[in-house]
Amino acid sequence: MKNGVVIVGAGHAGVQAAASLREEGYDGPVVLVGDEAELPYHKPPLSKTFIKDAEAKPQPLRGEAFYSGHEIDFRPGTEVRGIDIPGRRLELAAGGTLSFDRLILATGSRPRTLPLPGADLAGVVSLRSVADARLIRELSGKAEDAVIIGGGFIGLEIAATLRAAGRNVTVIEAADRVLGRAVAPVIAAHVHRRLEEIGVRVLTGTTVSRLEGEGGHVAGAVLPSGERIPARLVVIGIGVVPNVELAAAAGLAVGNGIRVDAQMRTSVPEVLAVGDAVNYRHWFTGGDVRLESVQNATDQARLAARTILGHEEAYSAVPWFWSDIGDMKLQMVGLALGGDRHVVAGDAADNKFSVYHFAGDRLIAIESVNRPADHMLGRKMLGAGFSPADSLVTAGPDALKAALAAFQQGTAAAAG
Ligand code: FAD
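Residues numbered from 1 in each chain as written. Predicted model: local features only at pLDDT ≥ 70, side-chain atom pairs only at ≥ 80, totals over all residues. Heavy atoms only, no water.

### Re the sheet that holds strand S22 (residues 288-289)
Phase 1: The mixed open sheet is built from four strands, whose spatial order is S18-S19-S21-S22. With one partner strand each, in any of the chains shown, strand S18 (254-255) and S22 form the two edges of the open sheet.
Phase 2: The pairing of S18 with strand S19 (residues 257-259) spans two bridges and is classified as antiparallel. Residue pairing across strands places Val254 opposite Ile258, the latter belonging to S19. (Pairing = 2+ DSSP bridges. Helix = DSSP H or I, 4+ residues; strand = E, 2+ residues; numbered from the N terminus.)

### Structural notes on helix H8 (residues 372-384)
Phase 1: Helix length check: H8 (13 residues) gives 19 Å between terminal C-alpha atoms against 18 Å at 1.5 Å per residue, within 8%.
Phase 2: Looking at H8, one finds that the buried residues are Asp374, His375, Leu377, Gly378, Met381 and Leu382.
Phase 3: Backbone geometry just downstream of H8 places Gly385 in the positive-phi region, at approximately 75 degrees. (Expected span 1.5 Å × (residues − 1). Buried < 20%, exposed > 50% of the residue type's maximum accessible area, 1.4 Å probe, protein only.)

### Considering the site of the ligand
Phase 1: The environment of the ligand is made up of 31 residues, and the closest members are Asp35, Glu36, Lys48, Arg128 and Asp276.
Phase 2: Separating an oxygen atom of the ligand from a side-chain N or O atom of Lys48 is a distance of 2.6 Å.
Phase 3: Between the ligand and Ser293 there is a distance of 3.0 Å, counted from an oxygen atom to a backbone nitrogen or oxygen.
Phase 4: Notes on the ligand: free accessible area 990 Å², of which the protein chains cover 94%.
Phase 5: Broken down by class, the residue content of the shell around the ligand amounts to 13 nonpolar, 10 polar and eight charged.
Phase 6: Split by domain, the shell around the ligand shows at least three residues from each of two domains, domain 1 (5-110 + 241-308) and domain 2 (113-238). (Near = heavy atom within 4 Å. Polar contact = N/O pair within 3.5 Å; in protein donor to acceptor, adjacent residues only side chain to side chain. Areas by Shrake-Rupley, 256 points an atom, 1.4 Å probe, with all protein chains shown as cover. Nonpolar A, V, L, I, M, F, W, Y, C, P; charged D, E, K, R; others polar. Domains from an automatic or database assignment.)

### Considerations on the packing of aromatic side chains
Phase 1: For the structure shown, the criterion picks out six aromatic pairs.
Phase 2: Their ring planes at 40 degrees and their centres at 5.0 Å tell us that Phe386 and Phe407 sit as a pair that is tilted. Pair noted here: Phe386 is in the loop between H8 and helix H9 (390-395) and Phe407 is in helix H10 (residues 397-415), with a separation of 21 residues, a long-range link.
Phase 3: Overall, the relative accessible area of 9% leaves Phe386 in the buried class.
Phase 4: With relative accessibility at 29%, the residue Phe407 sits in the partly exposed group.
Phase 5: In this arrangement the basic side chain of Arg137 is found over the ring face of Phe50, its NZ or CZ atom lying 4.1 Å from the centre. (Phe/Tyr/Trp six-rings, centres within 6.5 Å; stacked < 30°, edge-to-face > 60°. Lys NZ or Arg CZ within 6 Å of the ring centre and 35° of its normal.)

### Structural notes on the packing of H8 against H10
Phase 1: One can describe the packing of H8 onto H10 by two numbers: an axis separation of 11 Å at closest approach and a directional angle of 20 degrees. As judged from the angle between their axes, H8 and H10 are roughly parallel. Crossing geometry of H8 relative to H10 is assigned as left-handed. The segment H8 lies against H10, with Ala373, Asp374, Leu377, Lys380, Met381 and Ala384 engaging Pro397, Leu400, Lys401, Leu404, Phe407 and Gln408.
Phase 2: Looking at side-chain class alone, the contact of H8 with H10 contains eight nonpolar, one polar and three charged residues. (Axes fitted to C-alpha atoms, helices over the stretch in contact; angles between N-to-C directions. Parallel < 35°, antiparallel > 145°, perpendicular 65-115°, else oblique. Left-handed = near helix turned anticlockwise from the far one by under 90°. Contact = heavy atoms within 4.5 Å.)

### So, the sheet that holds strand S23 (residues 320-325)
Phase 1: Across the sheet, five strands lie side by side as S23-S24-S27-S26-S25; this open sheet has antiparallel pairing. Because the sheet does not close on itself, it has two edges, and the strands there are S23 and strand S25 (341-347). The sheet shows a mean angle of 15 degrees between the axes of neighbouring strands, taken without regard to direction.
Phase 2: Note: strand S24 (residues 328-334) against strand S27 (residues 362-369), five bridges, orientation antiparallel. Residue Gln331 lies in a different strand from S27, and its bridge partner there is Ser368.
Phase 3: H8 rests against S23, S24, strand S26 (352-359) and S27 of the sheet, and its axis sits at about 160 degrees to S27.

### Re helix H3 (residues 130-142)
Phase 1: For H3, which comprises 13 residues, the first-to-last C-alpha distance of 19 Å matches the rise-based estimate of 18 Å (1.5 Å per residue) to within 8%.
Phase 2: Taken as a whole, H3 has its buried residues at Val130, Ala133, Ile136, Arg137, Leu139 and Ser140.
Phase 3: Contacts made by the buried residues of H3 are with strand S9 (124-125), helix H4 (153-164), strand S14 (217-222) and strand S16 (233-236).

### A few points about the nonpolar core
Phase 1: The biggest cluster of nonpolar side chains holds 58 residues, and the ones touching the most others in it are Ile7, Leu90, Leu103, Ile104 and Leu105.
Phase 2: If we ignore the near neighbours within four places in the chain, the residues touching Leu90 are Val6, Val8, Val80, Gly82, Ile83, Gly96, Thr97, Leu98, Phe100 and Leu103. (Core = buried A, V, L, I, M, F, W, Y, C linked by side-chain atoms within 4.5 Å.)

Below is the structure:
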């Protein structure tokens, strides 16, 4: 392959794809193209530590020497504008083309916008990149009052971080509870309560009618009730949309994300896609999903590299995710979609508990608050296909560990 593999998007997925190609022994050219100017960096800290610490620097995914040391031709600040699939080349926004034999699209996602009067005022921002995080940090340094529109993970992380930095923070969530799509109601209620305890005002079941400004800068958010909440900083965190435009314009199959098969191949097999941008049939639920997590991005990237090297394995990683909201470490493993009952271990009053989701007798997901042992064990149980009885769940991690070991021994004996 004389032109080698070109990867578009230098985020979590793109960088892992480049690294995995080399780890797997690929010795052709690898070109990693990203439109951001920075050395690729970890995104999760941006909403957690970065925005409250004026000295914090982005944490690189790999040191600069990694790219040259592994003969990865990293091209920052390079936007790809089009894909010519028959010609096997990319059109670059700055002019010129880049030829490929295989292409990996790792274009990620971008914040959903809110068509709200006043959304274009200065001081109204979303958070995706380190550039956005720098802006939030700068604005929050001058703002007493902040409004967060959207009670999802990123919105609530930002709310807790800004509150810890002494700001007056209001979260406005349109649904009747925070974290609506993502966790069990018992966890959502706990997070809501705890945020209120640290002084965050959390409003659910309401929206913002308009943002008001003074001298071109946001000054307040007006609710449908007429209440005006002062705000010199407004963060819009209402989810993301996948960056599919390049793929769609090139004629690749696109739904809610770029469609890929179990080997991460798009509708054109020489073009693969990974990460936040892709939509696929999930091995675990049987439904089509598009997941937004570091685990999903990096595991898919590893598999894409193996596909390019001729392996035919199907994607079967157990999904997991984490979020730090104030003093709550939330960890999720599996997918709770399709669950019909749950068992709670631990006590919310201690700020340490887990919710085990089942579909019938089958364990499908575990959501934990400050119970990392449950999470780690959950990854093993779901990976092994082990579903514990309810009594084991409430008995705690030691009993679960022993039961899992017995199950694995039984499986190994049956296989042998
Ligand atoms: P990205 O990391 O977004 O990378 C895509 C890259 O492609 C971007 O740099 C983009 O600019 C570039 N690109 C797009 N189009 C082009 C083009 N045409 N030409 C060139 N480059 C292009 N996940 C967790 O699991 N836990 C967390 O706690 C967590 N916290 C998060 C906090 C924040 C603030 C954010 C923003 C995300 C968080 N996530 C978290 C989600 C996680 O970061 C994403 O799932 C992950 O970044 C997805 O990786 P990706 O490579 O698919 O996309």
